[in-house]
Amino acid sequence: SPTAAAAAISFRWDHGSGVTKQTVWLLAAFLLLGGGARAEVLTRAQYARLIEKAADQLRQAAAAGKHQQERAARAIRLIPEQIEIPTSPERPPLRLDNRKLREELLARAEQGPAGIEEAAEVLDNLHAGMLAPRKAPPRNAGAVLAKVLARREFRPGLAHRIRVWFYRQATKLLERLADMFPSLDFEKVGRIARIMAWGIVIFLGLGALYLLVQLLGLIPRRRPSLRRPRRAPARPEPTRTHKEWLSEAEAALAAGDYLSALRALHMAALMRLDELGLARFEKSATDGQFIRRLRREGHEAEAEALLALNRVFVPAWYGGRPVGPEEYAAAQAQWRKLEGSAE
C-alpha cells in the first residue's frame, strides 16, 4: 500500500541507504498520487445534485439545433469516474465506479436526440433512486432485474432501431453541413427537413394503402357458401277494414278489456277515412298528419271528430291513463260523429 511503501522509504532514509534524495521524493510523490486517478469524495446529496445537473444538460443538448453530441458528452463528463460517499464513522465509505455508466450514456447519446433523451431518463431514474429511502435489496434482486429486462417490452423493436439509425445519420449529416456552412440557420433547416420527412412518410403510407386495395381486388372470392342468403322482402301485412276493427272492439268490450276496445275503435276510424278516400291510411303516419290532411282537403268536421277521439285514445294507449266505460263511451260518441259526417 502507499502507506507501507512510504514507511519503508522512510526507514531506508533514516538508516543511511544509498537512495538519493531526488529518487525518494519522486517515488513518494507517485505513491501519494496513487499511481493514477483517485476517487472523488462526495456526499450523497452532492452526488444527487450532480446527477440532476447532468440530466438537465442532456435535455438541453437534445433540444439544441446543432452540436448535440458535444454538449451531451460535456454533460456526461460531469459525472466523476469514481467517487466515495461517506456513510458513518464505524463503516467504510461507499465506493462507486461510474465508468461503465458513462460508457453506456455516451453510447446512447451517439444515437441522436432520442438517445440523448434516453440517457437523461437514465439519470433521472438514478436521481430518483438516490432520493428514495434506502432499503436492503432482496437477495435475488439481480436475477429478478435481469429477468424483467429480458422481457420483450424492454427490448427495442425494429421501428425503434430504424428511428435511432435515421437520427444518427441525420445528426452526422447536419454536423457535416455545420462544418461546411457555419452561417447556415440549422433551426429552419431542421423544421423544413421534418416537414419533408413527414411528407415522405405520408406518401409512402398512401402508396402502400393503394397497393393493398389493388391486391385485395385481385383476390377471387371462391367461397360463396359463406355468404348470407338474401332474405325475401317481407310481405306487407294485410289491411283490415273498419268493420273488422269494429268487430274486434265489440269482442274486447264484451271481455271487459276497454283499452283494447278503444284501440280497435280508433283504428276503425282511420280505416273508415281511408275507405271513403278522405285520408289515405299509412302505418308510419301520425294522427296529427291525418288531421292536417283532412283540414287541408276541407274536411273540417271529420278532422274535429278525429281530434276529439285522439284526446281520449292517446293518453290511455301511450300514457297509461286508466280506461273504463265512461272513456270508451266518450270515444264511441266521437266515432259516431265522424261516421255520420263522412257519410
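Residues numbered from 1 in each chain as written. Predicted model: local features only at pLDDT ≥ 70, side-chain atom pairs only at ≥ 80, totals over all residues. Heavy atoms only, no water.

Asks: So what exactly am I meant to see when it comes to the overall build of the chain here?
Replies: Broken down by element type, the chain carries 14 helices and 3 strands. Counting over 343 residues, the chain shows a buried share of 24%. By sequence separation, contacts in the chain at least 24 residues apart represent 57% of the contacts at least 6 residues apart. (Helix = DSSP H or I, 4+ residues; strand = E, 2+ residues; numbered from the N terminus. Buried < 20%, exposed > 50% of the residue type's maximum accessible area, 1.4 Å probe, protein only. Contact = heavy atoms within 4.5 Å.)

Asks: What am I meant to see in the nonpolar core here?
Replies: Inside soluble globular proteins, nonpolar side chains tend to come together where they are buried. Counting residues in each nonpolar core, the largest one holds 29 residues, and the members touching the most others are Trp245, Leu273, Phe290, Leu294, Leu306 and Leu338. When residues of this core are traced back to their parent elements, those giving at least two are helix 10 (242-254), helix 11 (258-275), helix 12 (287-296), helix 13 (300-317) and helix 14 (325-342). For this core, the element with the most residues is helix 11, which contributes 10 residues. Residues within four places of leucine 294 in sequence aside, it is in contact with Leu273, Leu278, Ala279, His299, Glu302, Ala303 and Leu306. (Core = buried A, V, L, I, M, F, W, Y, C linked by side-chain atoms within 4.5 Å.)

Asks: Can you help me understand unusual backbone geometry in this one?
Replies: Note: most residues except glycine have negative phi, and most peptide bonds are trans. Unlike most non-glycine residues, histidine 67 shows phi in positive territory, near 55 degrees. Along the polypeptide, histidine 67 turns up in the loop between helix 3 (44-63) and helix 4 (68-76). Note on histidine 67: relative accessible area 41%, which makes it partly exposed.

Asks: Teacher, can you tell me more about the pairing of strand 2 (residues 82-85) here?
Replies: Sheet faces and side chains relate simply in a regular strand, where the side chains alternate between the two faces. Taken together, the 2 bridges between strand 1 (residues 40-41) and strand 2 define a ladder with parallel strand orientation. Pairing of glutamate 40 across the sheet is with isoleucine 83, part of strand 2. With 4 bridges joining them, strand 2 and strand 3 (residues 94-97) adopt antiparallel strand pairing. The residue bridging isoleucine 85 from the neighbouring strand is leucine 94, located in strand 3. (Pairing = 2+ DSSP bridges.)

Asks: Which parts of the structure should I look at to understand a nonpolar patch on the surface?
Replies: Taken together, the side chains of Trp198, Val201, Ile202, Leu206, Leu209, Leu212, Val213 and Leu216 present a nonpolar region at the surface, about 850 Å² in accessible area. Here leucine 216 shows up in helix 9 (residues 186-218). Judged by its relative accessible area of 54%, leucine 216 is exposed. (Patch = residues over 30% accessible without salt bridge, like charges linked within 9 Å, V, L, I, M, F, W, Y side chains within 5 Å. Areas by Shrake-Rupley, 256 points an atom, 1.4 Å probe, with all protein chains shown as cover. Salt bridge = Lys/Arg side-chain N within 4 Å of Asp/Glu carboxyl O.)

Asks: Would you take a moment to explain the side chain of histidine 242 for this structure?
Replies: With respect to the secondary-structure elements, histidine 242 resides in helix 10. The residues touching histidine 242, leaving out its near neighbours within four places in the chain, are Ala268, Met271, Arg272, Glu275 and Trp335.

Asks: Explain helix 3 here, please?
Replies: Note on helix geometry: an α-helix contains 3.6 residues per turn, so any two residues three or four positions apart are oriented the same way. End to end, helix 3 covers 29 Å across 20 residues, agreeing with the expected 28 Å (1.5 Å per residue, within 8%). Turning to helix 3, its buried residues are Tyr47, Ala48, Ile51, Ala54, Ala55, Leu58, Ala61 and Ala62. Projection of helix 3 onto a plane perpendicular to its axis shows the buried side chains occupying an angular sector of 145 degrees, all on one side. Opposite the packed face of helix 3, turned more than 90 degrees from it, sit the exposed residues Arg49 and Ala63. Among the structural elements, helix 4, strand 2, strand 3 and helix 6 (113-131) are those in contact with the buried residues of helix 3. (Expected span 1.5 Å × (residues − 1). Arc of directions from axis to C-beta.)

Asks: Help me understand the pattern of salt bridges in this model?
Replies: Side-chain pairs of opposite charge can arise where the charged atoms are in close proximity. Across all of its chains, the model carries 10 salt bridges by this definition. Residue arginine 59 is joined to aspartate 56 by a salt bridge in which the shortest nitrogen-to-oxygen separation is 2.7 Å. Placement of the pair is arginine 59 and aspartate 56 together in helix 3, with a separation of 3 residues, close to one helical turn. Given a relative accessible area of 30%, arginine 59 falls into the partly exposed group. Residue arginine 59 is joined to aspartate 124 by a salt bridge in which the shortest nitrogen-to-oxygen separation is 2.5 Å. Of this pair, arginine 59 sits in helix 3 while aspartate 124 is found in helix 6, placing the two residues 65 residues apart along the sequence. Among the charged side chains, a network of salt bridges with common partners joins Asp56, Arg59 and Asp124.

Asks: Just to check I follow, could you spell out the packing of aromatic side chains for this structure?
Replies: Aromatic rings in a pair are described by how distant their centres are and how their planes are angled relative to each other. All told, the structure shown has 3 aromatic pairs when counted by the stated rule. With a centroid separation of 6.1 Å and an interplanar angle of 80 degrees, the aromatic rings of phenylalanine 313 and tyrosine 318 are classed as edge-to-face. Among the residues examined, tyrosine 318 registers a relative accessible area of 63% and is labelled exposed. Taken together through their ring pairs, the aromatic side chains of Phe313, Trp317 and Tyr318 make up a single cluster. Here arginine 240 stacks its cationic end above the ring of tryptophan 245, 4.2 Å away from the centre of that ring. For the cation-ring pair, arginine 293 lies above phenylalanine 290, with the distance from its terminal atom to the ring centre recorded as 5.7 Å. (Phe/Tyr/Trp six-rings, centres within 6.5 Å; stacked < 30°, edge-to-face > 60°. Lys NZ or Arg CZ within 6 Å of the ring centre and 35° of its normal.)

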